[in-house]
Amino acid sequence: MSNSNGEEQTDMNANEPIPPASTAPPVPPAGPSVDAQNKAVEPPYENDLLARTAELDQYFAFNDDAREVEFKRHDMPTPWLNYLSNGTFHTMLSHAGGGLAFYKSPQIWRITRYRFFHLPTDRSGPYIYLQDAGTGSYWCPTYEPAFRKPQEWRSSHGMGYTRFEAQADELAAKTVYFVGPYENSLIWNLTLTNNSSKVKELNVYAYAEFGMMEFMRELQWQCYNKHQVSVQYHEKKALIYKYGVENQPKPDETPLVYMMSDAPLAGYDGDREEFIGSYRSESNPAAIEQGGCTGSAILGGDPCGALQVRVKLAPGETRTVNFFLGTAMNETEIERAISHSREADFVTRSYAALQENWARYLRAWNCELPDQDAQRMLNTWNPYQSQRNFLFSRNISYYATGTFRGVGYRDTAQDILAVVPYDPEAAKDKVRLLLGQQYRDGHVNHYFFPNEGWDPVTSIHSDDHLWTALAVWDILAETGDAAFLQENIPFYDGGEAPLYEHLKRAIDFTVSRLGPNGFPLMLRSDWNDQLFRVCREGRGESIWTAMQFGTVLLRMKDLAAASGYPEHAAYYDRLYGEQKSLVNTLGWDGKWFRRAVMDDGRYLGTAEHEEAQIWLNAQTWATLSGMAESDKGLKAMDSVRDILDTELGIKKLHPSITTFPDPADPLTNYNKGTGENGAVFCHANTWAIIAECMLGRGDQAYKYYRQLIPNIAMEQAGIWRYKAEPYVYASNLFGPESDRFGLANVSWLTGTAAWMYVAATQYIMGIKPVLAGLSINPCIPSAWEGFSVTRRFRGCEYEITVKNNSHVCSGVQEIRVDGERLEGTVIPAYPHKQSVKVEVIL
Ligand code: NOJ
């Protein structure tokens, strides 16, 4: 790569030939048929793995060495996204160039506009147009949105960047979009090569559609507030967009937006009407078709940032032009950012730092498995997705509009789990943030808005406040830093207390809200958002929360000891015993565990009812919590296998609800087989994997794990049924009672990511930090000969090799550390060693 001064820069990709762009639209297949047991008996595609794999090959390919996924065509079933971010400035970008940029919060500082729910889909985006100055013909390296398409095209998502490589009329264009660590800006790094024998004179346009920073205000008050924004040309040859409207939140923290290039400008437009024109779109902008940018600015109107640059390329010549869409707090800072961004090596340095940051982050875990799909997920895409969840909670994606959800307490507490091995300090910060939302009585805010400053959502749920203890226990196990428990953290309603005391108050809150049968009251809901419908009167109880509570109590015993309160452990033990006894008596239905007690005293999740007889969570957590007595855990998980499992994941409940408990007021409005009804809820599937591992059934656990690896599920369902990205987990797949069994929903931002990571690394691979060290207790498919993992733990690299010549699922026979036989299965920390070799025999 070279910058606009022609200097060589680091290459961002291998120079492989670009495949031709395909154009034939695919035909969606008919849905699978369903038998009486709600299993798909006929997958939507021919049941021939090779054919189905070959079909996916036409659409995308993984490049595992580069940690990239490559897209071979633009017309995917949905926009397949990536998130580019430096933690402050973010861009969500699709494989075809659609997406939006925002600063800190997509709710109040959204910079560009994205049309959720609207056609044309996946518009707008940070687009570049390449125009032959002689013929006027133009196209986009992103494939979309210009009418004229490149003759060759591909795009790739990597760790924090997205690259487009295209060619038309013997002009090759490579664009890498990324957000570097040194400025809060999206960098559009365009490299052009003239592959013809003639001189090429080009107009290069960069275009971004600015929206109002507050998307909800825009929907309501755009006609007034649009006249309170401006786009002005700045003498440093940049456009500056100012959003300053009445009643906006945090005006003093609202940045200015700039758009600039490191090449001399030939023109600009700040007025969308001038650049795009009347009854036109991003496909055929008036300015490009009618002689170039018009030099428009606005003091009120419909804003955009459009820049025009002229590029002359001799035959064979390569040149790079960079565009920048960024934020800074005032004009002085913008001027500094502009000068900085124009430094000759700024883009190269920024890109190198981005790559180094990800390489360093991902160094915490690396595995070699007999299953390439699992290996790819665990080394790259699963931790990458988990880190994005940690950053964005459930805020903005193709499915979430970024309009009302801030940080979800329950969701974020779980997201922390998969970041702990990579960045325990960031995990600690998130715990501090969460506990700052706890009230003195121990309950917490359900959602809150640290960036926006809005009032939190204060509904009280039976599970929210309990999740934090799991994250804290994991942080302690990872770092060995018991002092963290003593750190003072403020309560939301005043005062402060050591972290351990916050956790204890969460326990006390649950104890103060036990219901008539002794289980925790459901309150607004438990993990399952929908359960309020049967517990509105406040008498309903959650049997699942009893299990979650039990799981937390086990962790609290350790945390009490580590905090110097051994006497609390006895108290937690007693509570655990009481809940365990209830779970095994009132909670047991004969073949599975019941889910809840409804307001009217009847059980939910029993064979006595026609619908919603069995719920997944109550079966899995009975084992996770260690509460299931005798063979009840096995029986419950057998029921999961026999009743809930499908070849595309495990249903959340069965049969789906249509009229239960009251046709006039059913438990959920979700259609059967969808979302929170009888869908395959991927997040909850992760706990089935853990439960099966805890029961020692590695083959069953792996079946559950592998069938939801996104590209495997897509292979099974067919790409036009599955639709979502094949490299990140979705929240749910429509279940077999839906006529679109296998349709994936709400990808990227879902608790599935963190828990899949935990399930696979800590339970299948069995490499789990505990307070005393690193525990090794794999539960793998019996067919595996073994696997190896390099795991960074408390400053030392553990190079672990597991051998399974006996072809068992579990049971450690021997562990050697640097050749020395170890007693037990917990390897101590080695703070003074760089690395140790660990050999494990099953
Ligand atoms: C999605 C919500 O974000 C999450 O908090 C909840 O646990 C699941 N739905 C299940 O209801």
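Just so you know, these numbers come straight off a predicted model, no measurement behind them.

What counts, and where the lines are drawn
Residues numbered from 1 in each chain as written. Predicted model: local features only at pLDDT ≥ 70, side-chain atom pairs only at ≥ 80, totals over all residues. Heavy atoms only, no water. Salt bridge = Lys/Arg side-chain N within 4 Å of Asp/Glu carboxyl O. Helix = DSSP H or I, 4+ residues; strand = E, 2+ residues; numbered from the N terminus. Buried < 20%, exposed > 50% of the residue type's maximum accessible area, 1.4 Å probe, protein only. Pairing = 2+ DSSP bridges. Phe/Tyr/Trp six-rings, centres within 6.5 Å; stacked < 30°, edge-to-face > 60°. Lys NZ or Arg CZ within 6 Å of the ring centre and 35° of its normal. Contact = heavy atoms within 4.5 Å.

**Q** When you look at the pattern of salt bridges in this model, what are you seeing that I'm missing?
**A** Any two side chains of opposite charge can pair if their charged atoms end up close together. Within this structure, the stated rule accounts for 59 salt bridges. Across the pair Asp 169 and Arg 148 runs a salt bridge, and its minimum N-O distance is 2.9 Å. One end of the pair, Asp 169, is in the loop between strand 11 (161–168) and strand 12 (171–179); the other, Arg 148, is in the loop between strand 9 (138–139) and strand 10 (152–158), with 21 residues separating them in the sequence. With relative accessibility at 29%, the residue Arg 148 sits in the partly exposed group. Here Arg 360 and Glu 356 are joined by a salt bridge, their closest N and O atoms 3.7 Å apart. Here Arg 360 pairs with Glu 356, and both are found in helix 6 (residues 346–362), just four residues apart, close to one helical turn. A relative accessible area of 42% means that Arg 360 is categorised as partly exposed. Here Glu 356 falls in the partly exposed class, since its relative accessible area comes to 35%. The structure contains a network of salt bridges with shared partners spanning Arg 113, Arg 115, Arg 123, Glu 144, Lys 149, Glu 209, Glu 218, Lys 226, Arg 272, Glu 282 and Asp 302.

**Q** What should I look at first to understand the sheet that holds strand 29 (residues 603–604) in this one?
**A** Two pairing modes exist for strands in a sheet, parallel and antiparallel, and in both the strands are linked by backbone hydrogen bonds. Pairing in this open sheet of three strands is antiparallel, and the strands run 27-28-29 from one edge to the other. Whereas interior strands pair on both sides, the edge strands pair on one side only; in this sheet they are strand 27 (541–542) and strand 29.

**Q** When you look at the packing of aromatic side chains in this model, what are you seeing that I'm missing?
**A** Geometry of an aromatic ring pair is reported as the spacing of the ring centres plus the angle between the planes. Per the stated rule, a full pass over the model turns up 55 aromatic pairs. Between the aromatic rings of Trp 621 and Trp 755, the centroid separation amounts to 6.3 Å while the plane-to-plane angle is 70 degrees, which identifies the pairing as edge-to-face. With Trp 621 in helix 14 (residues 616–624) and Trp 755 in helix 20 (residues 752–764), this pair connects stretches of sequence that are 134 residues apart. This pair shows no difference in class: Trp 621 is buried, exactly as Trp 755 is. Directly above the ring of Phe 484 sits Lys 428, whose terminal nitrogen or CZ lies 5.3 Å from the centroid.

**Q** Sorry if this is basic, but what is going on with the environment of Val 431 here?
**A** Tracing the chain through its elements places Val 431 in helix 9 (residues 424–435). The exposure class assigned to Val 431 is buried, which follows from its relative accessible area of 0%. Expressed as a C-alpha distance, the spacing of Val 431 and Ala 328, which sit 103 residues apart in the sequence, is 29 Å. Here Val 431 is in contact with Ile 416, Thr 468, Ala 471, Val 472, Ile 475, Phe 484 and Leu 499, once residues within four sequence places are set aside.

**Q** I tried to follow unusual backbone geometry on my own but got confused; where do I start?
**A** Backbone geometry follows two general trends: most residues other than glycine have a negative phi, and most peptide bonds adopt the trans configuration. A cis geometry characterises the amide bond from Arg 123 onward to Ser 124, with omega recorded as -5 degrees. Structurally, Ser 124 is set in the loop between strand 7 (99–103) and strand 8 (127–132). In the segment running from Phe 660 into Pro 661, the intervening peptide bond is cis, with an omega of -5 degrees. Among the structural elements, Pro 661 can be located in the loop between strand 33 (653–654) and strand 34 (680–681). Positive phi, close to 50 degrees, is recorded for Asp 169, a residue that is not glycine. With phi around 75 degrees, Trp 748 is a residue other than glycine that occupies positive phi space. The buried category is assigned to Trp 748, whose relative accessible area is 1%.

**Q** Honestly, the environment of Pro 141 in this entry has me stumped. Any pointers?
**A** Relative to the elements of secondary structure, Pro 141 occurs in the loop between strand 9 and strand 10. The buried category is assigned to Pro 141, whose relative accessible area is 2%. What Pro 141 contacts, discounting residues up to four positions off in sequence, is Ile 128, Leu 130, Trp 153, Phe 164, Ala 166, Ala 173 and Thr 175.

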